[in-house]
Amino acid sequence: STIVGDDDIIGHLLEKYGPSPDLFDRKALWPIEFRAFALATAEIAAELRGNPGRTQQSNARPDNAAMKPIELWGYECSPFVRPVKEKLAELGLPHKVVSCSRGSKNRDAMVERTGRFQ
């Protein structure tokens, strides 16, 4: 079966892979489950930062979109990866993010290749 929508996906993941409901207070999940709060805080954070990545720079090269996609290896939640992703979007550069979350094979490969993670 297919699960559609972030609320349903989060609920499924919690039910299937999360701790037993009697081991945690479900109210602790309100920032995730209360969609209006999650969207509002994300919007406020983006607004405070000047909405980077939402529009293409006026001086970006017109042929950027036709270029071969850049591979960006990093952890999506990293404060170091976000500005790079935003600048790629502002320049209209196609890119693919290779997730390197803690414990992943990609992270190990990145450390092996570069000698460091950050």
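See above for the structure.
**A short note on the overall build of the chain**
Inference 1: Within the chain, the secondary structure is distributed over 5 helices and 2 strands.
Inference 2: Computed over its C-alpha atoms, the radius of gyration of the chain comes to 18 Å, more than 25% above the 13 Å expected for a compact globule of 118 residues.
Inference 3: Each of the three principal axes of the chain carries a C-alpha extent, and together these read 55 × 35 × 30 Å.
Inference 4: Within the span of the chain, comprising 118 residues, buried residues form 17% of the whole.
Inference 5: Within the chain, contacts between residues at least 6 apart in sequence are counted, and of these 55% link residues at least 24 apart.
Inference 6: Mean positive and mean negative side-chain charge positions of the chain (17 and 16 charges, respectively) differ by 7 Å.

**Considering the pairing of strand E1 (residues 70-74)**
Inference 1: In this structure, E1 lies alongside strand E2 (residues 95-99), joined through 5 bridges in parallel fashion. Following the sheet pairing, Leu72 is matched in E2 by Val97.
Inference 2: On the question of chirality, the crossover connecting E1 to the parallel E2 by way of helix H4 (residues 81-90) is right-handed.

**Details of the environment of Ala40**
Inference 1: Within the secondary structure layout, Ala40 lies in helix H3 (residues 35-48).
Inference 2: A residue is classified by how much of its surface remains accessible, and Ala40, at 38% relative accessible area, is partly exposed.
Inference 3: Along the backbone, Ala40 and Gly50 are 10 residues apart, and their C-alpha atoms lie at a distance of 15 Å.

**Comments concerning the side chain of Ser78**
Inference 1: Tracing the backbone through its elements, the reader meets Ser78 in the loop between E1 and H4.
Inference 2: Judged by its relative accessible area of 7%, Ser78 is buried.
Inference 3: Polar side-chain contacts of Ser78 include one of 3.0 Å to the backbone nitrogen of Phe80.

**Thoughts on unusual backbone geometry**
Inference 1: In this structure, Asn51 takes a positive phi of about 50° despite not being glycine.
Inference 2: The topology assignment puts Asn51 in the loop between H3 and E1.

**Comments concerning the pattern of salt bridges**
Inference 1: Counted according to the given criterion, the structure contains 4 salt bridges.
Inference 2: With a shortest N-O distance of 3.1 Å, Arg54 and Glu43 are connected by a salt bridge. Here the residue Arg54 occupies a position in the loop between H3 and E1, and Glu43 occupies one in helix H3, the gap between them amounting to 11 residues.
Inference 3: Note on Glu43: relative accessible area 37%, which makes it partly exposed.

**What to know about a nonpolar patch on the surface**
Inference 1: Together, Ile3, Ile9, Leu13 and Tyr17 make up a nonpolar patch on the protein surface, roughly 380 Å² of accessible area in all.
Inference 2: According to the relative accessible area criterion, Leu13 is partly exposed, its value standing at 43%.

**Examining the environment of Glu71**
Inference 1: On the secondary structure map, Glu71 appears in strand E1.
Inference 2: Along the sequence, Glu71 and Val98 sit 27 residues apart, while their C-alpha atoms lie 6.7 Å from each other.
Inference 3: A distance of 2.9 Å separates the side chain of Glu71 from the side chain of Trp73, its partner in a polar contact.

Each value, and the rule that gives it
- Here, residues in each chain are numbered from 1, in the same order as that chain's written sequence.
- Owing to the predicted nature of the model, reporting of local features is limited to residues with pLDDT of at least 70; listing and counting of side-chain atom pairs is limited to 80 or more, with chain, interface and lining totals taken over all residues.
- In computing side-chain properties, one takes all heavy atoms of the structure into account and sets aside hydrogens as well as water.
- Runs of H or I in DSSP of at least four residues are treated as helices and runs of E of at least two as strands, each being numbered from the N terminus.
- Using C-alpha atoms as the atom set, the radius of gyration is obtained and then compared with a globule rule of 2.2 Å times the number of residues to the power 0.38.
- When a residue's accessible area, from a 1.4 Å probe over protein chains only, is under 20% of the maximum for its type it is buried; when over 50% it is exposed; and in between it is partly exposed.
- Contacts: residue pairs with any heavy atoms within 4.5 Å of one another.
- Charge assignment in this entry is limited to Lys and Arg as positive and Asp and Glu as negative, and neither His nor the chain termini are counted.
- Lys charges are placed at NZ, Arg charges at CZ, Asp charges at CG and Glu charges at CD.
- Here a strand pair is declared whenever DSSP counts at least two bridges between the two strands.
- Note on handedness: a crossover is taken as right-handed if, strands pointing away from the viewer, the path from the first strand over the helix to the second is clockwise.
- Whenever a nitrogen or oxygen atom comes within 3.5 Å of another N or O atom, the pair is scored as a polar contact, on the condition that within protein one atom can donate a hydrogen and the other can accept it, and that pairs from neighbouring residues in sequence are kept only if both atoms are in side chains.
- Only one rule defines a salt bridge in this text: a Lys or Arg side-chain nitrogen within 4 Å of an Asp or Glu carboxyl oxygen.
- Residues enter patches when they are more than 30% accessible in relative terms and free of salt bridges; like-charged ones are connected within 9 Å and nonpolar ones (Val, Leu, Ile, Met, Phe, Trp, Tyr) within 5 Å.
- All accessibility values rest on the Shrake-Rupley procedure with a 1.4 Å probe; residue burial counts only the protein chains present in the view.

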